[in-house]
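# Close look at the chain arrangement
Read off the chains here:
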Amino acid sequence: MDSSRKTPFLVLLLLLLFCCHVSPSSSRASLTVSPTTLTRTSRTVTVRWSGVESPSELDWLGIYSPPNSRNEDFIGYIFLRNSSSWPNGAGSVEIPLVNLRANYVFRVFRWTSDEVNPNHHDHDKNPLPGTHHRLAVSEEVMFEAAALPDQIHLSFTDQEDEMRVMFVTADGAESFVSYGLDAERLDQIVETAVRRYERKDMCDFQANSSIGWRDPGFIHDGVMKNLEKGKKYFYTVGNDAGGWSPIHNFISRDSDSNETIAFLFGDMGTYTPYATFYRIQEESRSTVKWILRDMEALGDKPMFVSHIGDISYARGFSWIWDEFFNQIEPIASHIPYHVCIGNHEYDWPSQPWRPDWSYSIYGKDGGGECGVPYSLRFKMPGNSSFPTSTGSPNTQNLYYSFDAGVVHFLYMSTETNFLQGSSQYNFIKGDLERVDRNKTPFVVIQGHRPMYTTSNEVRDAPIRQKMLEHLEPLLVQNNVTLALWGHVHRYERFCPMRNFRCVDVSSNFTSTGGAPVHVVIGMGGQDWQPIWEPRPDHTDAPVFPQPERSMYRGGEFGYTRLVATREKLTLSYIGNHDGQVHDVLEILSGQTLKGGTTDSNEKTLKYSDDDQKTPSSDKVASVESIFPWYMKIVVALVAAILLGFALGFLTRYRRDTLERAQWTPVKIVEL
């Protein structure tokens, strides 16, 4: 080709390149935001657009922070069709924002159906919007006093007369906790420790990529000390230079209390007012709403939250943690918020503990976070720690325990080594053996992946087998009252059970322990639901009838509320769809049993009206009565009547004693 023919070709090529990369300012579309400065109490921005020619249903609004993010590195998006006036090329949306310690900016894009790339999709295989045709860019939106303390949450420490408070700031400046019994006179003050994590601490994509990483700010940790029992304390966090938070309050712990109140659930996640790379958990808002209702109704009593794994579902998109802590702050700034680790906080392909049998279990569910944000953003009691083997901070908050009123709570990690001989196994064993049942007659253990479930979650079968082999004997031998699990996003309550078998019972009974009640409570908000385990002989109706061991199961989102006194523990399942109780478990504490070397507490369990199966124990134990003298006479008379029946159970007792001595977990469940 000669030079005379090259010139027109080059001119045409330059014109085409210019048209394809035309600057946003040359487009007729415009984008405005109001207000451009947000505050803690007024953080909703209105975004308006106009002049969008030939509008398409796929045109979309991108949300960006920081403002210099690449077009493809949005934190969320909203389709313009969400505004009723979009066919006219103009409209508006309102978006509540959280403080990400960097300014926001908004961009409008044209996206057409012929540009949809099925290989570029979100968690649910929906194509992510294209960024080739940017039509307009807004001015920046900022938070006034962006360095103010944010994301305030409480937790217990190892000392009963303390309360920990954590929060985030943008600059990490020296900050304090000021507290006292009078909101007008916060006369005690403690300094906070400061820590943070960096992009290099993330272990894998997408946490260490430009798509997922955003600066997490500085995490402050302060401990309020020398608290009086069961008193209402007021506190604020911050400093004089940068400003102080609003004044919050909490009720201090009281070991002498005859009442324990807790809200327990797993897998809640986070709601965001925009779509993003992963599915959001819209139901989490209802969980928060109903717990706040219960808190208000219960008044000034000690209580706490137990969130057993799969906390925010950030999975490597760091701003989701900011959204989560803002969502729970109305709860967590007033009552302690306790957690244990789940697969979506931790799992990544090169995690250090990944035995051969676990390769179907531990994958990429953590999104490359390898437990780092979880470990630094929370601080639970105890000092459990496990190395990441990557140079990142150790994984923490793995296993710990505390007493709350009349209940002993024990938390464990299903994501790190729990097998016999491990540090975690030794902790669980020693902790259960040290429980003072006179002080805390009820014992509750919690972890993420369930030991028992009738969901068709076959991938986790190997870990359930290991939990049955290594952990269930500890629960049985130490007469654990309740075992609570998440991971399966449904509610399911089992009979008092050991080794896959309900304890043989009549409808009214007294149990001597040795058969914990397992309850799956992973219905906090995530809606990725497994199906129930099908029954081969009921293929036309795989959900019902339930296996005998499953006493109640439901698909509604919600949470459980535990209320215990020395006489009774009640666990209620509240559904998010109506805020009402849908299942109740009651465990009555009447006697102290002494069987072998382990003190246990006699329990009577009552079930909801439609339950036909109730448990009892065939364990023989001597009884030390705590009833009044006249009740002792009644018990003696009844004992005389029952004496004739005792020999009939002797053979059974010997059989079960041998069974306990030689524990053999069932590998195949017959339904």
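Residues numbered from 1 in each chain as written. Predicted model: local features only at pLDDT ≥ 70, side-chain atom pairs only at ≥ 80, totals over all residues. Heavy atoms only, no water.

## A look at the overall build of the chain
The line we're drawing: Secondary structure elements follow DSSP: runs of H or I no shorter than four residues count as helices, runs of E no shorter than two count as strands, and numbering proceeds from the N terminus. Burial status follows relative accessibility: with a 1.4 Å probe on protein chains alone, a residue under 20% of its type maximum counts as buried, one over 50% as exposed, and anything between as partly exposed. Contact criterion: two residues are considered in contact whenever any of their non-hydrogen atoms come within 4.5 Å of each other.
A count of helical and extended segments in the chain gives 10 helices and 36 strands. Out of the 671 residues belonging to the chain, those deemed buried represent 54%. A separation threshold of at least 6 residues defines the contact pool for the chain, and within that pool the share at least 24 residues apart is 72%.

## A look at the sheet that holds strand β6 (residues 91-96)
The cut-off we apply is this: Two strands are counted as paired when DSSP detects at least two bridges linking them. Here the axes come from fitting lines to C-alpha atoms, over the contacting stretch only for helices, and the angles between their N-to-C directions go from 0 to 180 degrees.
Taken in spatial order, the three strands of this open sheet run β1-β3-β6, and their pairing is antiparallel. Two strands bound the open sheet, and with one partner strand each, they are β1 (30-34) and β6. In this sheet, neighbouring strand axes are inclined to one another by 20° on average, regardless of whether the strands run parallel or antiparallel.

## Brief notes about the pattern of salt bridges
Between side chains of opposite charge, a pair can form as their charged atoms come close. Under the convention used in this document: For this analysis, a salt bridge means a side-chain nitrogen from Lys or Arg found within 4 Å of a carboxyl oxygen belonging to Asp or Glu.
In the structure shown here, the tally under the stated rule is 29 salt bridges. Where R101 meets D322, a salt bridge forms, and the shortest distance between an N and an O atom there is 3.0 Å. Within this pair, whereas R101 is found in the loop between β6 and β7 (105-110), its partner D322 is found in helix α3 (residues 319-332), the two being separated by 221 residues in sequence. For D187, the salt bridge identified is with R185, shortest N-O distance 2.9 Å. According to the relative accessible area criterion, R185 is exposed, its value standing at 55%. One network of salt bridges, in which partners are shared, links D347, E415, R449 and D460.

## A short note on the nonpolar core
Put simply, the rule is: For the purposes of this section, nonpolar cores are sets of buried Ala, Val, Leu, Ile, Met, Phe, Trp, Tyr and Cys residues that join through side-chain atoms within 4.5 Å.
Formed by 126 residues in total, the largest nonpolar core has its most connected members in F106 and L562. The dominant element in this core, judged by the number of residues it contributes, is α3, at eight residues. The residues contacting L562, other than those within four sequence positions of it, are T260, I261, A262, L264, V407, F409, V444, L482, L569, T570 and L571.

## Let's talk about the packing of aromatic side chains
The description of two aromatic rings rests on the distance between their centres and on the angle between their planes. For the record, the criterion: Within 6.5 Å between ring centres, the rings of Phe, Tyr and Trp (the latter by its six-membered ring) count as paired, and their orientation is classed by plane angle as stacked under 30 degrees, edge-to-face over 60, tilted in between.
The final tally for this structure, using the stated rule, is 40 aromatic pairs. Ring geometry for F79 against W111: centres 6.5 Å apart, planes inclined by 10°, an arrangement best described as stacked. Of this pair, F79 sits in strand β5 (residues 76-79) while W111 sits in the loop between β7 and β8 (133-137), and the two are 32 residues apart along the sequence. Both residues of the pair, F79 and W111, count as buried.

## Notes on the side chain of T440
Its place among the elements puts T440 in the loop between α6 (423-434) and β26 (442-447). Relative accessible area serves as the criterion here: at 1%, T440 is assigned to the buried category. Setting aside residues no more than four positions away along its own chain, T440 makes contact with D403, G405, V406, V407, H408 and V435.

## Considering the state of the cysteines
For the record, the criterion: Any two cysteine sulfur atoms lying within 2.5 Å of each other are counted as a disulfide.
In the structure shown here, the tally under the stated rule is two disulfides. Between C203 and C370 runs a disulfide, and the two sulfur atoms are separated by 2.0 Å. Looking down the S-S bond of the C203 and C370 bridge, the torsion is 75°, so its handedness is right-handed. Highlighted residues: C203 in the loop between β14 (193-195) and β15 (218-224) and C370 in the loop between α4 (343-346) and α5 (372-377), separated in sequence by 167 residues. The pair formed by C203 and C370 is uniform in burial state, with each residue classed as buried. Between the sulfur atoms of C495 and its disulfide partner C502 the distance amounts to 2.0 Å.

## What to know about the packing of helix α2 (residues 284-298) against α3
How we decide: Oblique is the label for every angle not falling under 35 degrees (roughly parallel), over 145 degrees (roughly antiparallel), or within 65 to 115 degrees (roughly perpendicular). As a working rule, the residues Ala, Val, Leu, Ile, Met, Phe, Trp, Tyr, Cys and Pro are called nonpolar, Asp, Glu, Lys and Arg charged, and the rest polar, with Gly in that last group.
Relative orientation of the contacting elements α2 and α3 amounts to 10°, with a least axis distance of 10 Å. Here α2 lies roughly parallel to α3, going by the angle between them. Here S284, R285, V288, I291, L292 and M295 of α2 lie close against α3, whose contacting residues are Q327, P330 and I331. Classifying every residue of the contact of α2 with α3 by side-chain character gives six nonpolar, two polar and one charged.

## Focus on the environment of D59
Cut-off, in case you're wondering: For this analysis, a polar contact is any N or O atom pair within 3.5 Å, provided that within protein one partner can donate a hydrogen and the other can accept it, and provided that sequence-adjacent residues contribute only side-chain to side-chain pairs.
By the element assignment, D59 lies in the loop between β3 (44-50) and β4 (60-64). Once the C-alpha coordinates of D59 and V108 are considered, the two residues, 49 residues apart in sequence, prove to be 7.4 Å apart. Here D59 is in contact with V52, F79, L80, F109, R110 and W111, once residues within four sequence places are set aside. Of the polar contacts made by the side chain of D59, one reaches the side chain of R110; its length is 2.6 Å.

## Some remarks on α6
Rules: Each residue after the first adds 1.5 Å to the expected span of a helix.
A rise of 1.5 Å per residue sets the reference length of α6, with its 12 residues, at 16 Å; its end C-alpha atoms lie 16 Å apart and thus fit the reference within 8%. Along α6, the residues classified as buried are Q424, Y425, I428, G430, D431 and L432. In the core, the buried residues of α6 are packed alongside β24 (400-404), β25 (407-411), β26, α7 (461-470) and α8 (472-477).

## Quick word on the confidence of the model for the chain
Just so we agree on the cut-off: Values of pLDDT, the confidence the predictor places in each residue, fall between 0 and 100.
Of the residues in the chain, 80% reach a pLDDT of 70 or more, and the chain-wide mean stands at 85. Confidence over residues 14-26 falls short of pLDDT 50; this stretch has four contacts with residues more than four positions distant or in other chains. Predicted confidence for residues 591-671 stays below pLDDT 50, and this span has 145 contacts to residues more than four positions away or in other chains.

## A few points about the sheet that holds strand β11 (residues 163-169)
Reading across the sheet, the four strands line up as β10-β11-β15-β14 and stay open at both edges, with antiparallel pairing between neighbours. A strand with exactly one partner marks an edge of an open sheet, and here the two such strands are β10 (150-155) and β14. Taken pair by pair, the neighbouring strands of this sheet meet at an average axis angle of 20°, ignoring direction. In this structure, β11 lies alongside β15, joined through seven bridges in antiparallel fashion. Considered in β15, the bridge of M163 is made with M224.

## A short note on unusual backbone geometry
Excluding glycine, residues mostly carry a negative phi; peptide bonds, for their part, are mostly trans. Of note, the amide linkage connecting S34 to P35 takes the cis form, showing an omega dihedral of -5°. Here P35 lies in the loop between β1 and β2 (37-38). Residue P66 is reached from S65 by a cis peptide bond, and omega for that bond is 0°. The phi dihedral of D267 falls on the positive side, at around 60°, and the residue is not glycine. Its location among the elements puts D267 in the loop between β19 (260-265) and α2. Notably, N397 is not glycine yet its phi reads approximately 60°, a positive angle.

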